[in-house]
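Each chain, letter by letter, is given below.
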Amino acid sequence: MIVVDADFLGRGRTGDETYVENLLRALAPIADVPIAAIVRDVALVPDGIVALELATGSQEVRMAWSVPRLLARVRPRLAHFVHSLPLRVPCPAVVTVQDLSFERDPSLMSAKDRFVFRRVVPRAVRRAAKVIAISERTKRDVVELYGVPDEKVVVTPLGVDPAFRPNGAADGRYALFVGAVQDRKDPIAALDAARAAGLPLVVAGPEKDEALAAELRRRGADVRGYVAKEELARLYREAAVLVLPSRYEGFGLPVVEAMASGTPVVAAPDDALREVAGDAALFASRDELGGAVQRALVDRERLVAAGLERARAFTWEETARRTLEVYREVLG
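No experiment lies behind these values; they were computed from the predicted model shown.

**Notes on the overall build of the protein**
When helices and strands are tallied, the protein shows 13 helices and 13 strands. Computed over its C-alpha atoms, the radius of gyration of the protein comes to 20 Å, within 12% of the 20 Å expected for a compact globule of 332 residues. A principal-axis box enclosing the C-alpha atoms of the protein has dimensions of 60 × 40 × 40 Å. For the protein, restricting intrachain contacts to residue pairs at least 6 apart in sequence, the fraction spanning at least 24 positions comes to 63%.

As structure tokens, this is what we get:
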């Protein structure tokens, strides 16, 4: 049995939850060994995956005591975690790293979160048998910052959920920002760019920074908070453009989701966003985002076609296939 820590399921953790949910769903039909998921709510486990229910108060107690006890009981051949490893793992482990923003730019994360991540992520990377990075950008960061061998880190790009698809609608009525409301995502820049193009801004994502969310509302943005996948898909389809001014990304999943939905993308020239979008998006610095949004509206037909074509390269089935190859390599 291979055990995947799926504690993110049902917690509204955007990228982390999306990754775990879709990886499990895509692994189920192709895995040649039973896959089990550690979860708080067994109802959230996809068909074909064994549910291992584990409810714990604090993450500290969970990773130091509860998860090691569970692993000792079920005796898996391999365990797969995101970001961190438990204190004790009785089998080879794989860890997925989404990004190292807390290392590259300390200002992008709170002091408390930065302290935690700087303790647990390097330790997990060094202890793991293999490291999965979700982009070439993240792999470079892991190799450069933590000194691990290049061959230890495997890139498995993320996929796009089938829920995100075009509906052939006319030009949208608003600009859309998707992501956690926090400083490093820079939703204020998205609001300014939308206004420069004469569009209102809809913000979809958990309000990690309540003061920033309040400022967005005060300035006229429609802040929705965390939205379910079906509602998010509708927001993409009906948007005139996605604006993503993030100063650091490990992958930039909203870019692929928007492209798959037939929505033009305007983004900051972040390394990961360029890697994912290629020539199918417009990139602009913070001061030039407004002009880029206006160009996207004019060049909408070309950007929609290019985005749809680009998005076809990102599937969760491919993510699962590459992940299964990592498992097989570790297991020999």
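Alright, that's what it looks like, and here's the rest.
**Some thoughts on helix H7 (residues 210–218)**
Every buried residue of H7 is accounted for by Leu212, Ala213 and Leu216. An end-on view of H7 places all buried positions within 100° of arc, on one side of the element. Among the exposed residues of H7, those pointing more than 90 degrees away from its buried face are Glu210, Ala211 and Arg218. Buried residues along H7 sit in contact with helix H6 (187–196), strand E9 (201–204) and strand E10 (222–225). Of the residues that open H7, the one with a side-chain oxygen 3.1 Å from the backbone nitrogen of Ala211 is Asp209. Just past H7, the residue Gly220 takes up positive phi, approximately 105°.

**Topic: the nonpolar core**
Leu24, Leu176 and Tyr327 are the most contacted members of the largest nonpolar core, which has 89 residues in total. Leaving out residues up to four positions away in the same chain, Leu24 has contacts with Val4, Ala6, Leu9, Ile35, Ala37, Pro46 and Ile49.

**Let's talk about the packing of aromatic side chains**
Counting across every chain of the model gives four aromatic pairs. Ring geometry for Phe102 and Phe117: centres 5.3 Å apart, planes at 45°, overall tilted. Here Phe117 lies in helix H4 (residues 111–127) and Phe102 lies in helix H3 (residues 101–104), a separation of 15 residues in the sequence. Ring centres of Phe164 and Tyr236 lie 5.4 Å apart, and the angle between their planes is 85°; on these two criteria the pair is classed as edge-to-face. Placement of Phe164 in the loop between strand E7 (153–155) and strand E8 (175–178) and of Tyr236 in helix H8 (residues 229–238) is noted, with a sequence separation of 72 residues between them. By relative accessible area, which is 6% here, Phe164 ends up buried. Just above the ring of Tyr248 sits the side chain of Arg137; from NZ or CZ to the centre is 3.9 Å.

**Some details on the packing of helix H9 (residues 253–260) against helix H12 (residues 300–311)**
Closest axis-to-axis distance for the H9/H12 pair is 7 Å, and the angle between their directions is 115°. Read as a crossing pair, H9 and H12 show a hand that is left-handed. Contacts between H9 and H12 involve Val256, Met259 and Ala260 from the first element and Gly307, Leu308, Arg310 and Ala311 from the second. In the contact of H9 with H12, the residues fall into five nonpolar, one polar and one charged.

**Structural notes on the pairing of strand E1 (residues 2–5)**
Across a regular strand the side chains alternate sides, sitting on one face of the sheet and then on the other. Residues of E1 alternate between two faces, with Ile2 and Val4 on one and Val3 and Asp5 on the opposite face, all of them buried. As paired strands, E1 and strand E2 (residues 35–39) are joined by four bridges and run parallel to one another. Residue pairing in the sheet places Asp5 in a bridge with Ile38 of E2. The pairing of E1 with strand E4 (residues 78–82) spans three bridges and is parallel. Each residue of the ladder has a partner; that of Ile2, found in E4, is Leu78.

**Overview of the sheet that holds strand E13 (residues 282–283)**
To summarise the sheet geometry, strands pair through backbone hydrogen bonds and adopt either a parallel or an antiparallel arrangement. An order of E10-E9-E8-E11-E12-E13 is seen for the six strands of this open sheet, with the pairing classed as parallel. Two strands bound the open sheet, and with one partner strand each, they are E10 and E13. Examined bridge by bridge, E8 and E9 share four bridges and lie parallel to one another. Bridged to Phe177 within E9 is Val203.

**Here's the deal with the environment of Ala55**
Examined against the element boundaries, Ala55 turns out to sit in the loop between strand E3 (50–53) and helix H2 (59–74). Remark: the alpha-carbon pair of Ala55 and Val39, spanning 16 residues in sequence, is separated by 7.6 Å.

**Observations regarding the sheet that holds strand E5 (residues 93–97)**
Taken in spatial order, the seven strands of this open sheet run E3-E2-E1-E4-E5-E6-E7, and their pairing is parallel. The sheet terminates laterally at E3 and E7, the two strands that pair on one side only. Along the sheet, successive strands turn relative to each other by an average axial angle of 25°, direction set aside.

**Some thoughts on the pattern of salt bridges**
Applying the stated rule across the entire model yields 31 salt bridges. A salt bridge links Arg224 to Asp222, with the nearest nitrogen and oxygen atoms 2.8 Å apart. Residue class for Asp222 comes out partly exposed when judged on its relative accessible area of 32%. Note that Glu231 is salt-bridged to Arg224, the shortest N-O span being 3.5 Å.

Reading the values: the criteria
Residues numbered from 1 in each chain as written. Predicted model: local features only at pLDDT ≥ 70, side-chain atom pairs only at ≥ 80, totals over all residues. Heavy atoms only, no water. Helix = DSSP H or I, 4+ residues; strand = E, 2+ residues; numbered from the N terminus. Rg over C-alpha atoms; globule rule 2.2 N^0.38 Å. Contact = heavy atoms within 4.5 Å. Buried < 20%, exposed > 50% of the residue type's maximum accessible area, 1.4 Å probe, protein only. Arc of directions from axis to C-beta. Polar contact = N/O pair within 3.5 Å; in protein donor to acceptor, adjacent residues only side chain to side chain. Core = buried A, V, L, I, M, F, W, Y, C linked by side-chain atoms within 4.5 Å. Phe/Tyr/Trp six-rings, centres within 6.5 Å; stacked < 30°, edge-to-face > 60°. Lys NZ or Arg CZ within 6 Å of the ring centre and 35° of its normal. Axes fitted to C-alpha atoms, helices over the stretch in contact; angles between N-to-C directions. Left-handed = near helix turned anticlockwise from the far one by under 90°. Nonpolar A, V, L, I, M, F, W, Y, C, P; charged D, E, K, R; others polar. Pairing = 2+ DSSP bridges. Salt bridge = Lys/Arg side-chain N within 4 Å of Asp/Glu carboxyl O.

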